[in-house]
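Structural features, examined
Chain residues, written in single-letter form:
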Amino acid sequence: MEEVASWEPQISKLSVGEILQWSSRTFGHDLVFATSLGLEDQLVAQVIADLRLNIDIVTLDTGRLYEETQTLIDQTQNQLGLKIRVITPEHESLEKHLSEWGPLGFRQSVTARRACCAVRKVMPLRRALAGKRAWITGLRRDMSPWRSDVRVVAHDHSFDGIKIAPLWDWTRPMVESWVADRGTPVHPLHAQGYLSIGCAPCTRPVAEGDDERSGRWWWERHEQSECGLHWHEGRVLANPLVR
Ligand code: SF4
């Protein structure tokens, strides 16, 4: 914990490429980049490819993804020359969840929704991060008020490791401009107003000027709109599914 705090002042001054190089040097094979194929993750993937960094890249196929997301996995691998490991839910846990809640049970309550996210996202990510020391995410502070305290490097209580967010202080226009200039492959649904894209039944486009994550789990109160992959210090205890 003290070590992480001592890193932050220096790391926060580095560029995205320098942060990824430092991460790769510091954690070696104990480092994972978890991508959702979102705009920020595509930028990070592009930098990893440009710098030829040997970083383990994983994505979660929840079983409810858009076909466009799956197409983008292939396109990213081919265009950027990267290998993306696809992690799926563990079938026994998924069958148990489905028999208890049904295929659309996540609309019944926040508890049911978080149970679905736990089986399809949190537990698979835990498997992907098992034995690793650190993981990289595309989180930005201005994605939502809930993410306003994202730090460039921090201890992640949910997964008991270190979480690195090289885009922590970027804005969405900065990311959009960067990927457009670089010709990075991006999700085609962004152009249709889907600013934050997750599972198909839980994502919809947002109106101009609305919070970019407001299209996720729109039927819930907004402050509840996290899936459990990014619970913050002090908030993790509020989620019994993430321990
Ligand atoms: S986003 Fe929706 S479908 Fe996907 S895991 Fe969470 S509740 Fe289930």
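Just above, that's the structure.
Keep in mind that this is a model prediction, so the values were computed, not measured.

1. A short note on the overall build of the chain
Secondary structure summary: the chain contains seven helices and six strands in total. In sequence order, the secondary structure elements of the chain are arranged as α-α-β-α-β-α-β-α-α-β-β-β-α. Against the compact-globule benchmark of 18 Å for 243 residues, the chain has a radius of gyration of 17 Å, which places it among compact chains. Burial analysis of the chain (243 residues in total) assigns 39% to the buried set. Put simply, 69% of the contacts in the chain that link residues at least 6 apart link residues at least 24 apart.

2. Some points on the nonpolar core
Grouped together as the largest cluster of nonpolar side chains are 48 residues, with contacts concentrated most on F33, V44, V152, I164 and A165. Counting only elements with at least two residues in this core, the list comes to α2 (16-27), β1 (31-34), α3 (39-50), β2 (56-60), α6 (110-129), β4 (134-136), β5 (153-156) and β6 (161-164). Ranked by the residues each element gives to this core, the list is headed by α6, at nine residues. Excluding its chain neighbours within four sequence positions, the residues that come into contact with V44 are F33, I136, G138 and P166.

3. Here's the deal with the environment of F106
As for its placement among the helices and strands, F106 is situated in the loop between α5 (91-101) and α6. Of the residues examined, F106 has 24 C-beta atoms within 10 Å and is grouped as buried. On a C-alpha basis, the gap between F106 and V206 in space is 21 Å, while along the polypeptide they are 100 residues apart. Residues contacting F106, with those up to four places away along its chain left out, are A112, R113, C116 and C202.

4. Brief notes about the site of the ligand
Around the ligand sit 13 residues in total, of which C116, C117, R120, C199 and C202 are the nearest. Class assignment of the residues belonging to the shell around the ligand gives a composition of seven nonpolar, two polar and four charged.

5. Observations concerning the pairing of β1
Put simply, side chains in a regular strand alternate between the two faces of the sheet. Along β1, one buried face is formed by L31 and F33 and the opposite face, lined by V32 and A34, is buried too. In terms of strand pairing, β1 meets β2 through three bridges, oriented parallel. Bridging from a neighbouring strand, A34 pairs with V58 of β2. The parallel pair β1 and β2, bridged by α3, forms a crossover whose chirality is right-handed.

6. Comments concerning α5
Among the 11 residues of α5, one are classified as buried, and the element is accordingly described as predominantly exposed. Two residues or fewer after α5 comes G102, characterised by a positive phi angle close to 85°.

7. Observations regarding the packing of α3 against helix α7 (residues 172-182)
Where α3 contacts α7, the two axes come as close as 10 Å, and the packing angle between them is 45°. Comparing the axis directions of α3 and α7 gives the class oblique. In this structure, α3 crosses over α7, and the sense of that crossing is left-handed. Facing α3, whose interface residues are L39, E40, Q42, L43 and Q46, α7 presents V175, E176, W178, V179 and R182.

8. What about the sheet that holds strand β3 (residues 84-87)?
Taken together, the six strands give an open sheet; going across it, the order is β3-β2-β1-β4-β6-β5, and neighbouring strands pair in mixed fashion. Each edge of the open sheet is held by one strand with a lone partner, namely β3 and β5. The mean inter-strand angle of the sheet, taken between neighbouring strand axes irrespective of direction, is 30°.

9. Side note on unusual backbone geometry
Even without being a glycine, R52 presents a positive backbone phi close to 50°. By the element assignment, R52 lies in the loop between α3 and β2.

10. Things to note about the pairing of β6
Pairing of β4 with β6, which is carried by three bridges, proceeds in the parallel orientation. Note that in β6 the partner of A134 across the bridge is I162. The pairing of β5 with β6 spans four bridges and is antiparallel. Within β6, the residue paired with D156 across the bridge is G161. As consecutive antiparallel partners, β5 and β6 are separated by four residues, and within that stretch D160 has a phi angle of approximately 50°, a positive value.

11. Comments concerning α3
The terminal C-alpha atoms of α3, which comprises 12 residues, lie 17 Å apart, in line with the 16 Å expected from a rise of 1.5 Å per residue. Here α3 lies mainly inside the structure; 10 of its 12 residues are buried. By the burial criterion, the buried members of α3 are L39, E40, D41, Q42, L43, V44, A45, Q46, V47 and I48. Among the structural elements, α2, β1, β2, α4 (67-80), β4 and α7 are those in contact with the buried residues of α3.

Conventions adopted
- Residues numbered from 1 in each chain as written.
- Predicted model: local features only at pLDDT ≥ 70, side-chain atom pairs only at ≥ 80, totals over all residues.
- Helix = DSSP H or I, 4+ residues; strand = E, 2+ residues; numbered from the N terminus.
- Rg over C-alpha atoms; globule rule 2.2 N^0.38 Å.
- Buried ≥ 20, exposed ≤ 12 C-beta atoms within 10 Å, placed from the backbone.
- Contact = placed C-beta atoms within 7 Å.
- Core = buried A, V, L, I, M, F, W, Y, C linked by C-beta atoms within 7 Å.
- Near = placed C-beta within 6 Å.
- Nonpolar A, V, L, I, M, F, W, Y, C, P; charged D, E, K, R; others polar.
- Pairing = 2+ DSSP bridges.
- Right-handed = clockwise from strand over helix to strand, strands pointing away.
- Axes fitted to C-alpha atoms, helices over the stretch in contact; angles between N-to-C directions.
- Parallel < 35°, antiparallel > 145°, perpendicular 65-115°, else oblique.
- Left-handed = near helix turned anticlockwise from the far one by under 90°.
- Expected span 1.5 Å × (residues − 1).

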